[in-house]
Amino acid sequence: MEKLVDMIKNLFLDAFASIRGFIYGFLVISLAIGIIGVVFYVVAFIYNKF
């Protein structure tokens, strides 16, 4: 019985870790896309000014 509880606990911890990793990855990717978009916008804006 204790082995089963350990297995279920590990399964939940693994799922939690993978979900947290997915959320962090999503945040990092969206931040990178946002920064690239801002840089591109600023370059285009300056390019049009001069």
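As a reminder, the structure under discussion sits directly above these lines.
Computed from a prediction, not measured in an experiment: that's the story for all the values here.

Caption draft 1: The environment of K9, seen in detail. With respect to the helices and strands, the residue K9 is situated in helix 1 (residues 2–49). On the accessibility criterion, K9 (49% relative accessible area) is partly exposed. Separated by 30 residues in sequence, K9 and V39 place their C-alpha atoms 45 Å apart.

Caption draft 2: Quick look at a nonpolar patch on the surface. A cluster of nonpolar side chains, M1, L4, V5, M7, I8 and F12, forms an exposed patch at the surface whose accessible area comes to about 690 Å². Looking at the secondary structure, you find M1 in the segment before helix 1.

Caption draft 3: Inspection of helix 1 at higher detail. Look at helix 1: 70 Å from first C-alpha to last across 48 residues, which is about the 70 Å you get at 1.5 Å a residue. Of all 48 residues in helix 1, 0 are buried; the element is thus mostly exposed.

Cut-offs and rules
- Residues numbered from 1 in each chain as written.
- Predicted model: local features only at pLDDT ≥ 70, side-chain atom pairs only at ≥ 80, totals over all residues.
- Heavy atoms only, no water.
- Helix = DSSP H or I, 4+ residues; strand = E, 2+ residues; numbered from the N terminus.
- Buried < 20%, exposed > 50% of the residue type's maximum accessible area, 1.4 Å probe, protein only.
- Patch = residues over 30% accessible without salt bridge, like charges linked within 9 Å, V, L, I, M, F, W, Y side chains within 5 Å.
- Areas by Shrake-Rupley, 256 points an atom, 1.4 Å probe, with all protein chains shown as cover.
- Salt bridge = Lys/Arg side-chain N within 4 Å of Asp/Glu carboxyl O.
- Expected span 1.5 Å × (residues − 1).

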